[in-house]
Amino acid sequence: MKLKASQAVEVLRAAGEPTRLRILALLAREELAVLELCGVLDQSQPRVSRHLKLLAEAGLVERFPDGAWVFYRLTGAGQAGGLIREVLDRMDPDDPALIRDAERLSAVFAERASVASDYFARNAARWDEIRSLYIAEGDVEDAILRAAGPGPYRRLVDLGSGTGRMLTLLGPRAEAALGLDLSQQMLNIARNHVWQAGLKVCELRHGDIFGTRLPDGDADLVVVHQVLHYLTDPAAAVKEAVRITAPGGKLIIVDFAPHKLEFLREQHQHRRLGFSDAEIRRWLGEGAFADLKVETLPPARDAGLTVKIWTAERAAAQQRSAA
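Notes on the structure in this doc start here. (Residues numbered from 1 in each chain as written. Predicted model: local features only at pLDDT ≥ 70, side-chain atom pairs only at ≥ 80, totals over all residues. Heavy atoms only, no water.)

## Re the packing of aromatic side chains
Taken as a whole, this structure holds one aromatic pair when the rule is applied. Between Phe275 and Trp283, the aromatic rings sit 5.7 Å apart at their centres with planes inclined by 70°, giving edge-to-face as the arrangement. For the pair shown, Phe275 and Trp283 are each scored as buried. Geometry around Phe71 places Arg272 over its ring, the cationic atom sitting 5.7 Å from the centre. (Phe/Tyr/Trp six-rings, centres within 6.5 Å; stacked < 30°, edge-to-face > 60°. Buried < 20%, exposed > 50% of the residue type's maximum accessible area, 1.4 Å probe, protein only. Lys NZ or Arg CZ within 6 Å of the ring centre and 35° of its normal.)

Shown next as structure tokens:
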């Protein structure tokens, strides 16, 4: 549906202010919290919030609360979003203001990555112990085995493999398996666990979940286990996981339901406090998967975390071509 002239004017009016245009350019890179935008723009929270309110009212950005934080991202669909993306594509990348904002955002990313890296390095040896504080891991693993099915899997890929638990759990059902992680400390522990389990089919590799450099449709089972809540752009990670899932294959995402335990952000580097079913469905994309099954595992105690297991089965190639 095309925009009416009056609607186009409203969209352009909302974007037609220097700070708001800078905000849109930043959100085109990834979703950001209000305080992160304040730091990059060097402006007060009330001022930035006013700009964001106008952009949201014009349908250009989406606002979503996450615990005590509020995140924003560009609207994913619609003519208004398409018009703004075209405007952003035509902007001069050498514009001094945009370059300065990009440099400040890169500094935010670098600081965040450094803090997370230090955290994983400090806690790598007791990672499973930390994880067990919040969830009944045995129940989760039983549910993952049910979701994955008996196999055999031609190729298993574990994105953000951590200590390698998904590899030792699912590896016996795979003809070949690959675990990717950015933490060398985690990879070393995972290699030891895989070796102890006698899984010669498993390979551990230093790799980025946002850019795996794996071929399209590389694996018939892709697992993203307790990773998304650490990421700056979980939607991009899901998109990459979708890309490498083969026709007829499965993608299993394990993470927390939305919660309000803010200490996990401060003490354990969680960036997002859980995910909704609607959010995961949207990130999986339209038409790529024939079905999405959701299993909910409530906490053992009131203050615990609810674990969600989203299992998406990719449509076979002939089904997609016929659609």
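## Remarks on the pattern of salt bridges
Throughout the structure, instances matching the rule amount to 14 salt bridges. The shortest N-O distance in the salt bridge between Arg73 and Glu279 comes to 3.5 Å. Here Arg73 is found in strand β3 (residues 69-74), whereas its partner Glu279 is found in helix α13 (residues 277-284), with 206 residues between them in sequence. For the pair shown, Arg73 and Glu279 are each scored as buried. The residue Asp277 makes a salt bridge to Lys308 at a minimum N-O spacing of 3.3 Å. With Asp277 in helix α13 and Lys308 in strand β10 (residues 307-314), this residue pair connects regions lying 31 residues apart in the sequence. (Salt bridge = Lys/Arg side-chain N within 4 Å of Asp/Glu carboxyl O. Helix = DSSP H or I, 4+ residues; strand = E, 2+ residues; numbered from the N terminus.)

## So, helix α3 (residues 34-41)
Burial within α3 is extensive, with six of its eight residues counted as buried. Within the sequence span of α3, burial applies to Val34, Glu36, Leu37, Cys38, Val40 and Leu41. Phi turns positive, to about 55°, at Asp42, one or two residues after α3.

## Things to note about the packing of helix α2 (residues 18-27) against α3
Direction vectors running N to C along α2 and α3 enclose 120°, while the axes themselves pass 11 Å from each other. Overall, the two elements α2 and α3 adopt an arrangement that is oblique. Note on packing geometry: the crossing formed by α2 with α3 is right-handed. Facing α2, whose interface residues are Thr19, Arg22, Ile23, Leu26 and Leu27, α3 presents Leu37, Val40 and Leu41. Here the residues of the contact of α2 with α3 sort into six nonpolar, one polar and one charged. (Axes fitted to C-alpha atoms, helices over the stretch in contact; angles between N-to-C directions. Parallel < 35°, antiparallel > 145°, perpendicular 65-115°, else oblique. Left-handed = near helix turned anticlockwise from the far one by under 90°. Contact = heavy atoms within 4.5 Å. Nonpolar A, V, L, I, M, F, W, Y, C, P; charged D, E, K, R; others polar.)

## Quick notes on the environment of Leu297
Within the element layout of this structure, Leu297 appears in strand β9 (residues 289-297). Leu297 sits in the buried class, given a relative accessible area of 15%. With 157 residues separating them in the primary sequence, Leu297 and Val140 have C-alpha atoms 7.4 Å apart. Residues contacting Leu297, with those up to four places away along its chain left out, are Asp139, Val140, Ala143, Leu305, Thr306, Val307 and Ile309.

## Brief notes about the side chain of Glu17
The topology assignment puts Glu17 in the loop between α1 (5-15) and α2. Despite its burial, Glu17 remains without a salt bridge, the nearest opposite charge being carried by Arg20 at 4.3 Å. A distance of 2.8 Å separates a polar side-chain atom of Glu17 from the backbone nitrogen of Thr19. Within polar-contact distance, the side chain of Glu17 engages the backbone nitrogen of Arg20 at 2.9 Å. (Lys, Arg positive; Asp, Glu negative; His and termini not counted. Polar contact = N/O pair within 3.5 Å; in protein donor to acceptor, adjacent residues only side chain to side chain.)

## Regarding the pairing of strand β8 (residues 245-256)
Along any regular strand, the residues point their side chains to alternate faces of the sheet. Among the 12 residues of β8, nine are classified as buried, and the element is accordingly described as predominantly covered. Examined bridge by bridge, strand β7 (residues 219-225) and β8 share six bridges and lie parallel to one another. Bridge assignment links His225 to a residue of β8, and that residue is Val254. The parallel pair β7 and β8, bridged by helix α11 (residues 234-244), forms a crossover whose chirality is right-handed. With seven bridges joining them, β8 and β10 adopt antiparallel strand pairing. Within β10, the residue paired with Phe256 across the bridge is Val307. (Pairing = 2+ DSSP bridges. Right-handed = clockwise from strand over helix to strand, strands pointing away.)

## With respect to the packing of α3 against helix α4 (residues 45-57)
Look at α3 against α4: their axes get within 9 Å of each other, and the N-to-C directions meet at 110°. As far as their axial angle goes, α4 and α3 are roughly perpendicular. Regarding α3 and α4, the two cross each other, and that crossing is right-handed. Taking contact as the criterion, the partners of Val34, Leu35, Leu37, Cys38 and Leu41 in α3 are, on α4, Gln45, Val48, Ser49 and Leu52. The class makeup of the residues in the contact of α3 with α4 is seven nonpolar, two polar and no charged.

## Topic: unusual backbone geometry
Backbone geometry follows two general trends: most residues other than glycine have a negative phi, and most peptide bonds adopt the trans configuration. Following Gly151, the chain continues to Pro152 via a peptide bond in cis, the omega torsion being 0°. Inspection of the secondary structure assignment puts Pro152 in the loop between α8 (137-148) and β4 (156-159). Even without being glycine, Asp42 reaches a positive phi, approximately 55°. Structurally, the position occupied by Asp42 is in the loop between α3 and α4. For Asp42, a relative accessible area of 60% corresponds to the exposed category.

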